[in-house]
Amino acid sequence: MSKADAATTAARASASVDREFAAPVTQDGLGVAVAGQLGPSGVDRPERLPGSGIGGPAGEGTALPASSGGRRRLVDRRWFRIVGGALIPVALLVAWQLVSTSGLVPVSMLPTPEMVWLAAVDLAERGLLGLYVAISTQRVFLGFAFGAALGLAFGAVVGLSKLGDILLAPTLGAIRAVPSLAWVPLLILWFKIGEDSKVILIAIGAFFPVYTIVAAALRHVDRQLLEAGRAFGLRGLSLFTTVQLPAVVPSVISALRLALAQAWLFLVAAELIASSMGLGFLLVDSGNNGRIDRIFLAIILLAVLGKLTDSLVGLFERWAVRRWA
Amino acid sequence: MTTSSAGNEPTASAVARAAGDVVTAAPISFHGVGRAFGTGDSVRPVLRDIDLDVAAGEIVAILGPSGCGKSTLLRIAGGLDRPSDGVVAIDGSVVAPFDARSAVGFQEPRLLPWRTIAGNIALGLPRGTARDAGRAHVARLLELVGLADFAEHRPREVSGGMAQRTSLARALARNPAVLLLDEPFGALDALTRLKMQDLLLDVHAAEPTTVLLVTHDVDEALQLADRVILLGNDGDRPGARIQHTVVVPGTRPRDRGSAELAELRGRLLDGLGIDRHGSARGVAATTTIPHYPY
Ligand SMILES: Nc1ncnc2c1ncn2[C@@H]1O[C@H](COP(=O)(O)OP(=O)(O)OP(=O)(O)O)[C@@H](O)[C@H]1O
Ligand SMILES: [Mg+2]
């Protein structure tokens, strides 16, 4: 429905057959909104109704709808968000440049931005930069995918079934209590120093946020909605897909976001300890060789990659919230 | 769905026909039904000794003070809750958990926030309804409850009264043998309320279904029901039971201003009042044992 359609729809409301119903509720606006005391959906906002099913992101309390032609506030503007978000990084870069070139701090402690850039170019020319970034990203995505998938499955079982909760929750809780690094020697003994041991460690890191949040969210789905669903004949799978799954979608996505951050964390842990490639390896190797420019490079790359992948999930989250919430 | 014209106004019977397999109304009976909440020492009886036979197609209104157990009785009838004592049977067979023969219009709208108004009404369609038939039925119900222009809105974008009408339409979509309505018009303004009452009667006339209707409104009960039952405490024992049963004279639609109804209205209001007086007496008679562990 386009905005024009919405407008005509609204205009026609008073002319359509259901005028008697539409009139008192919509046209008097707040005047009859007392009728809404029992409803969770709040008061009438006629000016918001047309087309608001399509409009902006959910839950954003913008004072004026964009279609009204009114001025949007500065903080709601896209360019302002981008510029505002870039302000501090740019300031940091400038400060870094000034301090590192001023001679206040020796370059063995604080390399100049140019040195870091040259280190990047140097590594790239040797074909290592792309390789390290690629292998680290691959490990994160594999570990994240396995861990999150298992987390979703176990979270669903524990959250949906009492028996699953009784059988699994204590054990998983105990496993979660093990500090992540405690797994490293065991994983290396079992799976040797290869891709498997790293991916598994990252999967463990991604598993727990997803498992914990999904199980809790499913347990706390609104009982009244569940009961209504059952009363209208939904059972098992149909109840799950109609009520429980949509209800937990926002939580699932924030769980995935958390798991992704956790995956990068565990990546570095895995690569710091035993690896011959990747950003974590670059960190240890450079530490051992006193290459502080490369240490800076690795840290900056981790920040950028982590933020980029997080933004990807963030985009997905915005879509899902609009779709489901 | 927004292309409605005054020419093809849907009628209640059209809605009934659209539902396809016409379910016939079924009698529902309560025998010695009681419900107590809590365990051990803190058992608190809410309902006791409810005996009621509702004929197929009859409309029975349930009145009573707040908290006396009206919703509880309705939930038991729909298989959403189990009685502690006694049995409830629809058409002679005991009510199953979430019995498919009944449809509940809850006291709260209980709409799925992520579904549109139309999608929420579609939830009420009987399982296995063909897609097209279902869509057509939902469209008619939307017109009937005056929400055709809001079909694609989300529950958070409509008013409380509109949400309640959606909830009513969802229960009607089920085309049930027994329709259980818990204060379905509670959040509506006076005019819409009258419209919705008429709508309910139209639907009922087109396809008589058995209706149990909880309400706070004595006039509404007298206007809609064949019989009105008044729930309340006697005072000597905790737990509400049926205090009065009033058979409403005349056929619907009733004249809202008739003297006979006015007299009944007085009696029912008295009944609600006497109930309060009665329980006060009850407390006085048992000063040493307060029987509500509130
Ligand atoms: N699940 C429950 N557990 C414990 N007590 C309950 C439960 N459900 C209802 N009750 C109690 O039963 C009593 C009756 O509740 P009910 O909701 O049936 O009242 P009601 O007559 O519908 O009231 P109202 O008119 O305010 O809706 C209340 O005192 C309530 O506290
Ligand atoms: Mg109630």
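Model, not experiment: these values are computed from the prediction.

1. Observations concerning the overall build of chain B
So, point 1. Each helix and strand counted, chain B has eight helices and 10 strands in total.
So, point 2. Residue burial in chain B is summarised as follows: out of 294 residues, 54% are buried.
So, point 3. When contacts within chain B are restricted to residue pairs at least 6 apart in sequence, those whose partners lie at least 24 apart make up 70%.
So, point 4. Only carbon and sulfur atoms are counted for the fraction: they give 54% of the accessible area of chain B, which is about 12,100 Å².

2. Here we look at the pattern of salt bridges
Residue and element names in this part refer to chain B.
So, point 1. According to the stated counting rule, one finds 22 salt bridges over all chains in the structure shown.
So, point 2. The residue Arg193 makes a salt bridge to Asp217 at a minimum N-O spacing of 3.0 Å. Taken as a pair, Arg193 in helix α6 (residues 190–206) and Asp217 in the loop between β8 (210–214) and α7 (218–224) lie far apart in primary sequence, 24 residues in all.
So, point 3. Arg193 gets classed as buried once you look at its relative accessible area, which sits at 18%.
So, point 4. Here Asp217 falls in the partly exposed class, since its relative accessible area comes to 23%.

3. Considering the site of ligand 1
All names here are of chain B.
So, point 1. Neighbouring ligand 1 are 13 residues, the closest being Ser66, Gly67, Lys70, Ser71 and Thr72.
So, point 2. A distance of 2.9 Å separates an oxygen atom of ligand 1 from a polar atom in the backbone of Gly69.
So, point 3. Gln107 places a polar side-chain atom, nitrogen or oxygen, 2.9 Å from an oxygen atom of ligand 1.
So, point 4. Contact with the protein chains hides 62% of the accessible area of ligand 1, taken as 630 Å² for the molecule alone.
So, point 5. Mapped onto the shell around ligand 1, the elements with two or more residues apiece are β2 (44–54) and α2 (70–77).
So, point 6. Per-element tally for the shell around ligand 1: the top contributor is α2, with three residues.
So, point 7. Across the shell around ligand 1, the residue classes break down as three nonpolar, seven polar and three charged.

4. A closer look at the sheet that holds strand β3 (residues 59–63) of chain B
All names here are of chain B.
So, point 1. Taken together, the six strands give an open sheet; going across it, the order is β6-β7-β8-β3-β9-β10, and neighbouring strands pair in mixed fashion. Each edge of the open sheet is held by one strand with a lone partner, namely β6 (102–105) and β10 (241–247). The average undirected angle you get between the axes of adjacent strands in this sheet is 15°.
So, point 2. Of the pairings in the sheet, the one linking β6 to strand β7 (residues 178–182) comprises four bridges and is parallel in character. For Ser102, the partnering residue across the bridge sits in β7 and is Val178.

5. Overview of the side chain of Thr192 of chain B
Residue and element names in this part refer to chain B.
So, point 1. Residue placement: Thr192 occurs in helix α6.
So, point 2. Residue classification places Thr192 among the buried residues on the basis of a relative accessible area of 0%.
So, point 3. Polar contacts involving the side chain of Thr192 include one to the side chain of Asp189, which spans 2.4 Å.

6. A closer look at the coordination of the magnesium ion (ligand 2)
Residues and elements named next belong to chain B.
So, point 1. Note on the magnesium ion (ligand 2): its protein donors are Ser71 (OG) and Gln107 (OE1). The metal-donor distances range over 1.9 to 2.3 Å. Separated by 36 residues along the polypeptide, Ser71 in helix α2 and Gln107 in the loop between β6 and α3 (117–122) bring together distant segments of the chain.
So, point 2. Taking relative accessible area as the criterion, Gln107 reaches 25% and is therefore assigned partly exposed.

7. Section: the sheet that holds strand β4 (residues 85–90) of chain B
Residues and elements named next belong to chain B.
So, point 1. Strand order in this open sheet of four strands is β2-β1-β4-β5, and the pairing throughout is antiparallel. What marks the edges here is a single partner per strand, and that holds for β2 and β5 (93–94).
So, point 2. Pairing between strand β1 (residues 28–37) and β2: seven bridges, direction antiparallel. Across the sheet, Ile28 pairs through a bridge with Val54, a residue of β2.

8. A few points about unusual backbone geometry
Residues and elements named next belong to chain B.
So, point 1. Even without glycine at this site, Asp91 takes up a positive phi of about 55°.
So, point 2. Tracing the backbone shows Asp91 in the loop between β4 and β5.
So, point 3. The phi angle at Arg110 is positive, at roughly 50°, despite the residue not being glycine.
So, point 4. Following the sequence through the fold, Arg110 ends up in the loop between β6 and α3.

9. Quick notes on the nonpolar core
So, point 1. If you look at the biggest cluster of nonpolar residues, it comprises 54 residues, and the most contacted ones within it are Phe144, Val210, Val243, Trp264, Leu279 and Leu297 of chain A.
So, point 2. Those elements giving two or more residues to this core turn out to be α4 (113–125), α5 (128–160), α7 (183–191), α8 (195–219), α9 (223–231), α10 (236–273), α11 (279–289) and α12 (292–324) of chain A.
So, point 3. Non-local contacts of Val210 of chain A, meaning those with residues more than four positions away in its chain, are made with Ala148, Gly151, Leu152, Ala255, Leu256 and Ala259 of chain A.
So, point 4. In this structure, Ile121, Leu142, Leu201 and Val211 of chain B belong to the second largest nonpolar core, which totals 49 residues.

10. Comments concerning the pairing of strand β9 (residues 227–232) of chain B
Residues and elements named next belong to chain B.
So, point 1. Most of β9 is tucked away: six of the six residues are buried.
So, point 2. A two-sided burial pattern is seen for β9, the buried positions comprising Arg227, Ile229 and Leu231 on one face and Val228, Leu230 and Gly232 on the other.
So, point 3. Where β3 lies against β9, four bridges are found, and the strand directions are parallel. Each residue of the ladder has a partner; that of Leu63, found in β9, is Leu230.

11. What to know about the pairing of β3 of chain B
In regular strands, side chains alternate between the two faces of the sheet.
Residues and elements named next belong to chain B.
So, point 1. A large share of β3 lies buried, amounting to five of its five residues.
So, point 2. Every second residue of β3 is oriented toward a common face, with Ile59, Ala61 and Leu63 on one face and Val60 and Ile62 on the other, all of them buried.
So, point 3. As judged from the four bridges shared by β3 and β8, these two strands associate in the parallel manner. If you follow Ala61 over to β8, its bridge partner there is Leu213.

12. Some words on a nonpolar patch on the surface
Residue and element names in this part refer to chain A.
So, point 1. Together, Leu74, Val75, Trp79, Phe80, Val83, Leu87, Ile88 and Leu92 line one region of the surface with nonpolar side chains, adding up to about 810 Å² of accessible area.
So, point 2. Its location among the elements puts Ile88 in helix α3 (residues 78–102).
So, point 3. A relative accessible area of 59% means that Ile88 is categorised as exposed.

Each value, and the rule that gives it
Residues numbered from 1 in each chain as written. Chains lettered and ligands numbered in written order. Predicted model: local features only at pLDDT ≥ 70, side-chain atom pairs only at ≥ 80, totals over all residues. Heavy atoms only, no water. Helix = DSSP H or I, 4+ residues; strand = E, 2+ residues; numbered from the N terminus. Buried < 20%, exposed > 50% of the residue type's maximum accessible area, 1.4 Å probe, protein only. Contact = heavy atoms within 4.5 Å. Areas by Shrake-Rupley, 256 points an atom, 1.4 Å probe, with all protein chains shown as cover. Salt bridge = Lys/Arg side-chain N within 4 Å of Asp/Glu carboxyl O. Near = heavy atom within 4 Å. Polar contact = N/O pair within 3.5 Å; in protein donor to acceptor, adjacent residues only side chain to side chain. Nonpolar A, V, L, I, M, F, W, Y, C, P; charged D, E, K, R; others polar. Pairing = 2+ DSSP bridges. Axes fitted to C-alpha atoms, helices over the stretch in contact; angles between N-to-C directions. Donors = N, O, S within 2.8 Å, 3.2 Å for Na, K, Ca; no water. Core = buried A, V, L, I, M, F, W, Y, C linked by side-chain atoms within 4.5 Å. Patch = residues over 30% accessible without salt bridge, like charges linked within 9 Å, V, L, I, M, F, W, Y side chains within 5 Å.

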